[in-house]
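# Descriptive analysis of the structure
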Amino acid sequence: MDTKCGYVWAALALLGTIVLCGPVHALEPAPVSIAETTHKLGSYLTYLEDVDGAYTLDQVRSDAFVSKWEKSERDVPSFGFTDSVYWFRLELSQGTSAANQLTMKIGYPHLDYIDVYIEQSPGEFIAKKMGDRLVFSSREVDHRHFIFGLPSSEFETRQVYLRIQTESSMKLPLELY
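Residues numbered from 1 in each chain as written. Predicted model: local features only at pLDDT ≥ 70, side-chain atom pairs only at ≥ 80, totals over all residues. Heavy atoms only, no water.

Attention now moves to the overall build of the protein. Tallying secondary structure elements over the protein gives one helix and 16 strands in all. At a minimum sequence separation of 6, the contacts of the protein that also span at least 24 residues come to 72%. Of the roughly 9,100 Å² of accessible surface on the protein, 49% is carried by carbon and sulfur atoms. (Helix = DSSP H or I, 4+ residues; strand = E, 2+ residues; numbered from the N terminus. Contact = heavy atoms within 4.5 Å. Areas by Shrake-Rupley, 256 points an atom, 1.4 Å probe, with all protein chains shown as cover.)

Listed below in structure tokens is the structure:
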């Protein structure tokens, strides 16, 4: 990122509520200096297990699923070997002055199928597909890890959803820079 343009502040927050033992939990936004460092996003995620692999983006975004999301307690959410598909949700709050494009990295190259849904405007998403079962040349960035840009948006706050299906260990070391 170009440091001559000054520091661009962004706040990351994960909205969503989960029900654990009765109380409702919400995550607070974390101030992020995009120009200074890379940020691990695991503790800003919520996740949802899709045992049959049948959920759609519209379903997991619906009011019927609000209480099914669980807050990640780790920098790298990990679920071992599983046949389940996992959905992850992240809310980005980048502020109106965010001039630099943000980039995300999934630092685990053994995930078979990754579908990323990035909100461009309220309720409208663009989809990106990646994974080690897809041809390497289809990657947005030529790298062993999965790296993808978050297209700029005029909206300060937007959702990012990830649907991950794999035969290897299910873990998501997600970083923003």
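Moving on, there is more to tell.
Backbone hydrogen bonds hold the strands of a sheet together, and the pairing may be parallel or antiparallel. Across the sheet, which stays open at both edges, the four strands sit in the order 5-16-10-13 with antiparallel pairing between neighbours. Pairing within the sheet leaves two strands with one partner each, and these edge strands are strand 5 (39–40) and strand 13 (146–150). (Pairing = 2+ DSSP bridges.)

Within the secondary structure, E124 sits in strand 12 (residues 124–130). Residues in contact with E124, not counting those within four places in the same chain, are I118 and E119.

Turning to the pattern of salt bridges, a few remarks are in order. Per the counting criterion, the structure on display carries three salt bridges. The salt bridge partner of E73 is K71, with a shortest N-O separation of 3.4 Å. With a relative accessible area of 61%, E73 lands in the exposed category. A salt bridge links K129 to D115; its shortest N-O distance comes to 3.2 Å. Of this pair, K129 sits in strand 12 while D115 sits in strand 11 (residues 113–121), and the two are 14 residues apart along the sequence. (Salt bridge = Lys/Arg side-chain N within 4 Å of Asp/Glu carboxyl O. Buried < 20%, exposed > 50% of the residue type's maximum accessible area, 1.4 Å probe, protein only.)

We now examine the packing of aromatic side chains. Tallied over the full model, the rule gives nine aromatic pairs. Seen from their ring centres, F125 and Y161 are 5.9 Å apart, and the 65° between their planes marks the pair as edge-to-face. Of this pair, F125 sits in strand 12 while Y161 sits in strand 14 (residues 157–165), placing them 36 residues apart in sequence. An aromatic cluster is present here, built from Y47, F79, Y86 and F88 joined pairwise through their rings. Between the NZ or CZ atom of R89 and the centre of the ring of W69, over which it lies, the distance is 4.3 Å. (Phe/Tyr/Trp six-rings, centres within 6.5 Å; stacked < 30°, edge-to-face > 60°. Lys NZ or Arg CZ within 6 Å of the ring centre and 35° of its normal.)

Counting buried residues in strand 14 gives seven out of nine residues, a clear majority hidden from the surface. Of the strand pairs in this sheet, strand 9 (residues 85–93) and strand 14 are connected by eight bridges, and their pairing is antiparallel. Note on strand 14: the bridge partner recorded for Y86 is I164. Here strand 11 pairs with strand 14 via six bridges, running antiparallel. Counted as the bridge partner of I118 is V160 from strand 14.

Attention shifts here to the nonpolar core. One finds M104, I106, I114 and L150 to be the most contacted residues of the largest nonpolar core, which totals 27 residues. Breaking this core down by element, the ones donating at least two residues are strand 9, strand 10 (102–106), strand 11, strand 13, strand 14 and strand 16 (174–176). Ranked by the residues each element gives to this core, the list is headed by strand 9, at four residues. Among the nonpolar cores identified, the runner-up in size contains 10 residues, and L48, W69, V85 and W87 belong to it. (Core = buried A, V, L, I, M, F, W, Y, C linked by side-chain atoms within 4.5 Å.)

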